[in-house]
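Geometric and topological summary
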Amino acid sequence: MTADTELNQQPAPPAPPAPLAVPTPQLIAAMLQGREKVSDLIFSPGRAPQVELNGQLVELKFKGLEKLTPAHTTQIARDLLGTNEIARNKLDKDGSADLSYSVPSVARFRVNIFRQRATDAIVMRVIPMKIPSFAELNLPQQLAECVDLRNGIVLVTGPTGSGKSTTLAAML
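What comes next concerns the included structure.

1. So, the pairing of strand S3 (residues 56-59)
Bridging between strand S2 (residues 50-53) and S3 involves 4 bridges; their strand directions are antiparallel. Residue pairing in the sheet places Glu52 in a bridge with Leu57 of S3. Here S2 hands over to S3 after 2 residues, with Asn54 in that stretch at a positive phi of 55°.

2. Structural notes on the packing of helix H2 (residues 24-32) against helix H3 (residues 70-81)
Across the interface, H2 lies against H3 with an axial gap of 10 Å and an inter-helix angle of 100°. As far as their axial angle goes, H3 and H2 are roughly perpendicular. When H2 is examined against H3, the residues Thr24, Leu27 and Ile28 are found in contact with a partner set consisting of Ile76, Asp79 and Leu80. A class-by-class count of the residues in the contact of H2 with H3 yields 4 nonpolar, 1 polar and 1 charged.

3. As for the environment of Phe109
With respect to the helices and strands, the residue Phe109 is situated in strand S5 (residues 107-116). With a relative accessible area of 1%, Phe109 lands in the buried category. Considered as a pair, Phe109 and Val126 are 17 residues apart in the sequence and their alpha carbons are 4.7 Å apart. Not counting residues up to four positions away in its chain, the partners in contact with Phe109 are Ile28, Leu32, Leu41, Leu99, Ser100, Tyr101, Val103, Met124, Arg125, Val126 and Ile127.

4. Structural notes on the side chain of Ser44
Within the element layout of this structure, Ser44 appears in the loop between strand S1 (38-43) and S2. For Ser44, a relative accessible area of 14% gives the class buried. Among residues more than four places away in sequence, those in contact with Ser44 are Leu68, Thr73 and Gln116.

5. What about the sheet that holds S5?
Paired through backbone hydrogen bonds, the strands of a sheet run either parallel or antiparallel to each other. Taken together, the 6 strands give an open sheet; going across it, the order is S3-S2-S1-S6-S5-S4, and neighbouring strands pair in antiparallel fashion. A single partner strand is all that each edge strand has here, and the edge strands are S3 and strand S4 (96-103). Ignoring strand direction, the axes of neighbouring strands in this sheet form an average angle of 25°. Of the strand pairs in this sheet, S4 and S5 are connected by 8 bridges, and their pairing is antiparallel. Its bridge partner lying in S5, Ser100 is registered against Arg110. Against the sheet, helix H4 (residues 85-94) contacts S4, S5 and strand S6 (119-127), and its axis sits at roughly 150° relative to S4.

6. Regarding the environment of Phe43
Inspection of the secondary structure puts Phe43 in strand S1. For the pair Phe43 and Ile76, spaced 33 residues apart in sequence, the C-alpha separation works out to 8.4 Å. Ignoring any residue separated from it by four or fewer positions in sequence, one finds Phe43 in contact with Leu27, Ile28, Met31, Pro49, Leu68, Thr73, Ile76, Ala121, Ile122 and Met124.

7. Brief notes about the side chain of Asp120
Within the fold, Asp120 resides in strand S6. A distance of 3.2 Å separates the side chain of Asp120 from the side chain of Thr74, its partner in a polar contact. Setting aside chain neighbours within four positions, we find Asp120 in contact with Pro45, Thr73, Thr74, Ala77, Leu91, Phe114 and Arg115.

8. A word on the nonpolar core
Counting 27 residues, the largest nonpolar core has Ile28, Leu41, Phe43, Phe109 and Met124 as the members making the most contacts within it. Here Leu41 is in contact with Ile28, Met31, Leu32, Gln50, Val51, Phe109, Ile122, Val123 and Met124, once residues within four sequence places are set aside.

9. Focus: the pattern of salt bridges
For the coordinates displayed, the defined rule picks out 9 salt bridges. Among the salt bridges present, the one from Arg125 reaches Asp40, with a minimum N-O distance of 2.8 Å. Residue Arg125 is located in strand S6, and its partner Asp40 is located in strand S1; the two are separated by 85 residues in the primary sequence. Glu136 is the partner of Lys130 in a salt bridge, and the nearest nitrogen-oxygen pair spans 3.0 Å. The exposure class assigned to Lys130 is exposed, which follows from its relative accessible area of 52%. Residues joined by salt bridges that share partners form a network here, namely Arg47, Glu59 and Lys61.

Reading the values: the criteria
Numbers given to residues run from 1 along each chain, matching the order in which its sequence is written. With pLDDT at 70 or above as the cut-off, local features in this predicted model cover only qualifying residues; side-chain atom pairs require 80 or more to be listed or tallied, and sums for whole chains, interfaces and linings still use all residues. Excluding hydrogens and water, the side-chain figures rest on all heavy atoms present in the structure. Pairs of strands are assigned from DSSP output, requiring at least two bridges between the strands. Starting at the N terminus, helices and strands are each numbered in turn, a helix being any DSSP run of H or I of at least four residues and a strand any DSSP run of E of at least two. Fitted lines through C-alpha atoms serve as axes, helices being fitted only where they are in contact, and the angles separating the N-to-C directions of these axes extend from 0 to 180 degrees. Working definition: roughly parallel below 35 degrees, roughly antiparallel above 145 degrees, roughly perpendicular at 65 to 115 degrees, and oblique for all remaining angles. In this description, contact between two residues means that some pair of their heavy atoms is separated by no more than 4.5 Å. Residues are grouped as follows: Ala, Val, Leu, Ile, Met, Phe, Trp, Tyr, Cys and Pro are nonpolar; Asp, Glu, Lys and Arg are charged; every other residue, Gly included, is polar. Think of it in three bands: residues with accessible area under 20% of the maximum for their type are buried, residues over 50% are exposed, and the middle band is partly exposed, with areas taken using a 1.4 Å probe on protein chains only. We call two N or O atoms a polar contact when they sit within 3.5 Å, provided that within protein one can donate a hydrogen and the other can accept it, with sequence-adjacent residues counted only if both atoms are side-chain atoms. For this analysis, a nonpolar core means a set of buried residues of the types Ala, Val, Leu, Ile, Met, Phe, Trp, Tyr and Cys, connected via side-chain atoms within 4.5 Å. The term salt bridge refers to a pairing of a side-chain nitrogen on Lys or Arg with a carboxyl oxygen on Asp or Glu at a separation within 4 Å.

What follows is the structure, encoded as structure tokens:
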């Protein structure tokens, strides 16, 4: 038996995973379309893409993405990471990475990509394109006075989704 014959008997390498049915930016835009109160987008293997809408998780079953595979979430993670080598290295080293992402004219996001059970999962917090005013947020006037303080420290605290970042953006 020659080396060529032995090589010919090796099994063929597995086929590469099927690409996403929809490019990531289009998928994100579709998940937000017509849904004003979406706070988060969630991509997890074994589930359809999800949005958090008024505090409830809602599955969105797009054709070809009724159930995300590990290859799907890895591809979405790669697309979100783009050329961000720092975040890519952090994901490889620590198992999670935080970054920002935007789909022009659609939305901006704070993104957390993390590894669970050897697969990638992603949570994207929607950040409004327009920073709301004090009046739109119904913030107390005393908070507006904090903007002019020159000494000390101002703490803005609260649970996830309570508006800490939005409040700080309005203050700045």
